[in-house]
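# Structural characterization, general
Letter by letter, the chains look like this.
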Amino acid sequence: MKILFIYALVFPWFAAAQKTTQISFQPHWKGSAIPTDSLINTDAEEWIQFSSIKWYCSSLKVSFSNGTQWQDTKAHRLIDFADSESSTIDITHPFDASITHIQFLLGVDSLTQAAGAMGHDLDPTNGMYWTWQSGYIHAKIEGTSGLSSHPKKEFALHLGGYRHPFNTLRQVTIPVHSPKNQLVIFMDMDSFINQCALASQHHIMSPSATACNLASHFASSFQLQQP
Amino acid sequence: MKQLSLFALICLCVAFTDPPAGLVIPKGWPGPTYDESQNILSKKGIALGRKLFFDPILSADSTISCASCHSPYNSFAHTDHALSHGIHDSIGRRNAPALINLAWQQSFMHDGAIHQLDMVPLAPISHPSEMGSDMPSTVQRLRHQSSYKSLFNSAFGTPAITGERTLKAISQFLLTLISANAKYDRVMRGEETYTVQEENGYRIFKIHCASCHTEPLFTNGKFYNTGLPADSFLKDYGRMSISGHSQDSLAFKVPTLRNIAYTYPYMHDGRFKTLSQVIRHYTHGIQHAPNLAEALKNPICLTDDEKVDLTAFLKTLSDTQFLFNPAHQHPE
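Residues numbered from 1 in each chain as written. Chains lettered and ligands numbered in written order. Predicted model: local features only at pLDDT ≥ 70, side-chain atom pairs only at ≥ 80, totals over all residues. Heavy atoms only, no water.

## Let's talk about the overall build of chain B
Along its length, chain B carries 13 helices and two strands. Relative to its length of 332 residues, chain B is compact, with a C-alpha radius of gyration of 22 Å against a globular reference of 20 Å. Oriented by its inertia axes, the alpha-carbon framework of chain B measures out at about 80 × 50 × 35 Å. Counting across all 332 residues of chain B, residues that qualify as buried make up 52%. Pairs at least 24 apart in sequence give 66% of the contacts found in chain B among residues at least 6 apart. Summed over all atoms, the accessible surface of chain B reaches about 15800 Å², with 58% contributed by carbon and sulfur. Distance between charge centroids for chain B: 4 Å, based on 29 positive and 29 negative side chains. (Helix = DSSP H or I, 4+ residues; strand = E, 2+ residues; numbered from the N terminus. Rg over C-alpha atoms; globule rule 2.2 N^0.38 Å. Buried < 20%, exposed > 50% of the residue type's maximum accessible area, 1.4 Å probe, protein only. Contact = heavy atoms within 4.5 Å. Areas by Shrake-Rupley, 256 points an atom, 1.4 Å probe, with all protein chains shown as cover. Lys, Arg positive; Asp, Glu negative; His and termini not counted. Charge placed at Lys NZ, Arg CZ, Asp CG, Glu CD.)

## Notes on the packing of helix H5 (residues 135-143) of chain B against helix H7 (residues 163-175) of chain B
All names here are of chain B. Running from N to C, H5 and H7 cross one another at 85 degrees; their axes reach a closest spacing of 10 Å. By the angle between their axes, H5 is roughly perpendicular relative to H7. Between H5 and H7, the contacting residues are Met135, Val139 and Leu142 on the first element and Gly163, Thr166 and Leu167 on the second. For the contact of H5 with H7, a count of residues per class yields four nonpolar, two polar and no charged. (Axes fitted to C-alpha atoms, helices over the stretch in contact; angles between N-to-C directions. Parallel < 35°, antiparallel > 145°, perpendicular 65-115°, else oblique. Nonpolar A, V, L, I, M, F, W, Y, C, P; charged D, E, K, R; others polar.)

## Section: the layout of surface pockets
Residue and element names in this part refer to chain B. One number sums up the size of the second largest pocket: a volume of about 430 Å³. As for the second largest pocket, its lining consists of 21 residues, and the residues nearest its centre are Thr176, Ile178, Phe322, Asn325 and His328. Every element with two or more residues in the lining of the second largest pocket is listed here: helix H2 (43-53) and helix H13 (320-323). Of the residues contributing to the lining of the second largest pocket, the split by class is eleven nonpolar, six polar and four charged. (1 Å grid on protein atoms, 1.4 Å probe; cavity = no way out; pocket = protein on both sides within 12 Å on 5 of 7 lines; lining within 4 Å. Points joined across faces, edges and corners; volume = space filled by probe spheres on them.)

## Points about the interface of chain A and chain B
Contacts between the two partners involve 19 residues from chain A, matched on the other side by 18 residues from chain B. Both faces combined, the contact of chain A with chain B buries some 1500 Å², and carbon together with sulfur accounts for 60% of it. Area buried by chain A at its contact with chain B is led by Ala117(A), Thr125(A) and Thr131(A), which between them contribute 35% of it. One can count zero salt bridges joining chain A with chain B. Applying the counting rule to chain A against chain B returns ten residue pairs in polar contact (both at pLDDT 80 or more). (Buried area = accessible area lost by both parts, 1.4 Å probe. Salt bridge = Lys/Arg side-chain N within 4 Å of Asp/Glu carboxyl O. Polar contact = N/O pair within 3.5 Å; in protein donor to acceptor, adjacent residues only side chain to side chain.)

## Concerning unusual backbone geometry
The amide bond that connects Glu215(B) to the next residue, Pro216(B), takes the cis arrangement and shows omega of 0 degrees. Position of Pro216(B) relative to the elements: it lies in the loop between helix H9 (196-208) and strand E1 (223-225). Across the junction of Tyr264(B) and Pro265(B), the peptide omega takes the value 0 degrees, indicating a cis bond. Topologically, Pro265(B) is positioned in the loop between strand E2 (251-253) and helix H11 (275-285). For Lys153(A), which is not a glycine, the phi torsion comes out positive at approximately 65 degrees. Mapped onto the secondary structure, Lys153(A) falls in the loop between strand E9 (137-145) and strand E10 (154-160). A relative accessible area of 31% means that Lys153(A) is categorised as partly exposed. For Asn259(B), which is not glycine, the phi torsion reads 60 degrees and is therefore positive. You can call Asn259(B) buried: its relative accessible area is 0%.

## Some words on the nonpolar core
Residues Leu52(B), Phe53(B), Leu58(B), Leu117(B), Met119(B), Tyr148(B) and Leu174(B) are the most contacted members of the largest nonpolar core, which totals 63 residues. Mapped onto this core, the elements with two or more residues apiece are H2, helix H3 (66-69), helix H4 (122-126), H5, helix H6 (146-156), H7 and H13 of chain B. When residues of this core are assigned to their parent elements, the largest contribution, six residues, is made by H7(B). Ranked by size, the runner-up nonpolar core spans 46 residues in total, among them Met189(A), Ile193(A), Cys196(A) and Phe222(A). (Core = buried A, V, L, I, M, F, W, Y, C linked by side-chain atoms within 4.5 Å.)

## Considering the packing of H9(B) against helix H12 (residues 304-315) of chain B
Residue and element names in this part refer to chain B. Packing of H9 against H12 leaves a shortest axis separation of 7 Å and a crossing angle of 95 degrees. In terms of their interaxial angle, H9 and H12 are classed as roughly perpendicular. Contacts from Gln197, Glu198, Asn200, Gly201, Tyr202, Arg203, Ile204 and Phe205 of H9 reach H12 at Glu306, Val308, Asp309, Leu310, Ala312, Phe313 and Leu314. The class makeup of the residues in the contact of H9 with H12 is eight nonpolar, three polar and four charged.

## A closer look at the packing of aromatic side chains
Think of a pair of aromatic rings as described by two things: how far the centres are apart, and how the planes are tilted against each other in angle. Inspection of the entire model under this criterion finds 32 aromatic pairs over all chains. With a centroid separation of 4.8 Å and an interplanar angle of 80 degrees, the aromatic rings of Tyr184(B) and Phe218(B) are classed as edge-to-face. Within this pair, whereas Tyr184(B) is found in helix H8 (residues 183-188), its partner Phe218(B) is found in the loop between H9 and E1, the two being separated by 34 residues in sequence. Owing to a relative accessible area of 0%, Phe218(B) belongs among the buried residues under this scheme. Taken together through their ring pairs, the aromatic side chains of Phe25(A), Trp55(A), Phe104(A), Phe192(A), Phe218(A) and Phe222(A) make up a single cluster. Between the NZ or CZ atom of Lys51(B) and the centre of the ring of Tyr148(B), over which it lies, the distance is 5.1 Å. (Phe/Tyr/Trp six-rings, centres within 6.5 Å; stacked < 30°, edge-to-face > 60°. Lys NZ or Arg CZ within 6 Å of the ring centre and 35° of its normal.)

## With respect to the environment of Trp132(A)
Its location among the elements puts Trp132(A) in the loop between helix H2 (110-114) and E9. Residue class for Trp132(A) comes out partly exposed when judged on its relative accessible area of 37%. Those residues within four positions of Trp132(A) in sequence are excluded, and the remaining contacts are Met205(A), Ser206(A), Ala113(B), Ile114(B), Ala123(B) and Ile242(B).

## Topic: the pattern of salt bridges
Applying the stated criterion across every chain, the model contains eleven salt bridges over all chains. Where Asp72(A) meets Arg77(A), a salt bridge forms, and the shortest distance between an N and an O atom there is 2.4 Å. Assigned by exposure class, Asp72(A) and Arg77(A) land together as buried. A salt bridge links Arg94(B) to Asp111(B); the nearest nitrogen and oxygen atoms lie 3.2 Å apart. Here Asp111(B) lies in the loop between H3 and H4 and Arg94(B) lies in the loop between H3 and H4, a separation of 17 residues in the sequence. An identical accessibility class is assigned to Arg94(B) and Asp111(B); each is buried.

## Remarks on the side chain of Asn95(B)
Residues and elements named next belong to chain B. As for its placement among the helices and strands, asparagine 95 is situated in the loop between H3 and H4. Taking the relative accessible area as the measure of exposure, asparagine 95 reaches 5% and is therefore buried. A polar atom in the side chain of asparagine 95 sits 3.0 Å from the backbone oxygen of alanine 82. Filtering out sequence-adjacent residues up to four positions away, asparagine 95 remains in contact with His78, His81, Ala82, Leu83, Ser84, His110, Pro265, Met267, His268, Asp269 and Gly270.

Rendered as structure tokens:
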């Protein structure tokens, strides 16, 4: 009887027990986190330096083993590799529920695109809004590289566009097979840059078929870091 | 009891310090396209927007304001200059359009590049040949200007100066630029009558012009190739640069004809200095193209008298009350 009484007292506490899983997004180059504005010297010709990797993570959802879902209250997050706080999200969820999937939109949805000026992560001062033609830049990747044919070796890939036929919004789904308290989702920038052909097109500044292709490649570059 | 009455009085005063202003929709006009619920107009918001509109602080070297190219006396267009010019005497690529009745527009700029009013200022602020700045720098300059903190506080409830608030304040002022009291409007309301010449001009207008310059806004907001030869220097192909479709080659947005007598020169690149040159283009100057506007595929034939009458009608679209409204001028 005593045991039952103690169990009755303690069980609701356990049932309501929450835990926090931290998800962080990191750009990687060949398995290592990319430092801000530092040279990644692969060899004499293929050196690369990233000055900006910024992208919108929207409608972030996490699915759990018990069939429930966590939805980000922040509809649109601007993730900037130079700002570690923006790249980390804490998810509080029931203790007994483990994460099975992480899903988000890479970019800003068309309804938001068509709306007026907005603030915080969507504020136009963040440098993620095309001033000459309405629309958010879904992902901005900039830097210099020995691969670029630009006279100053620059590259600037502004992947945007929300209207047919050049809609670069992409959905990303990451399955989680071995959930941990800290999950790192990395962007494989090495394989992404290999798809970019910087020797022939080092600047993308408008919606286009090329932007669509690169958006798909960038979306495919998101992977869960294995233990 | 006395304390309760005093408290109620204070609440009322606070509530009415900056009541919502709201758009005044002219009778018979369609509902506005702009969603006011996302940017509630208030007297303080409009006042802030007006100050920003006339303040060259928006430009990189603090020499060019919105009003530099959008003059209130010219229906917020730019006369005497075919193309807008900006900092360091740089010349732009387009003629500044009139900023009136913007709440009803579905797209902005001659090529419809901008789809929402709030976002329009980003283009001139960032253009190297206009204000030559960028939004973050502009917001920084505003933050360092002591007068703006209190103005943003009054308008938005807190002193934070952000890109969002800057753009929304400018929108609030722009939304008040409603021109709907020209002679044409007074005739439509039964308050005045046309002269014989103006009446005939209106008849000609309805036959040849109204399919694109649709009443009461005098634009249907669509894009057409109106037979203007491409400028070999500017190489401006209009809507095609936005849509990517060849059928939009040399297509530009139908401008409003309201206050047209005050918004010369005309067309997207200001190539015509007078209304008679515009009318002559439509009667004699159309360059045929596969995507020429349907309404222009048959020649428009007007006698000299009809051209004069048409011009007389177009002048009835001048709203001098709007043009000389002190509320639209420099705030100081």
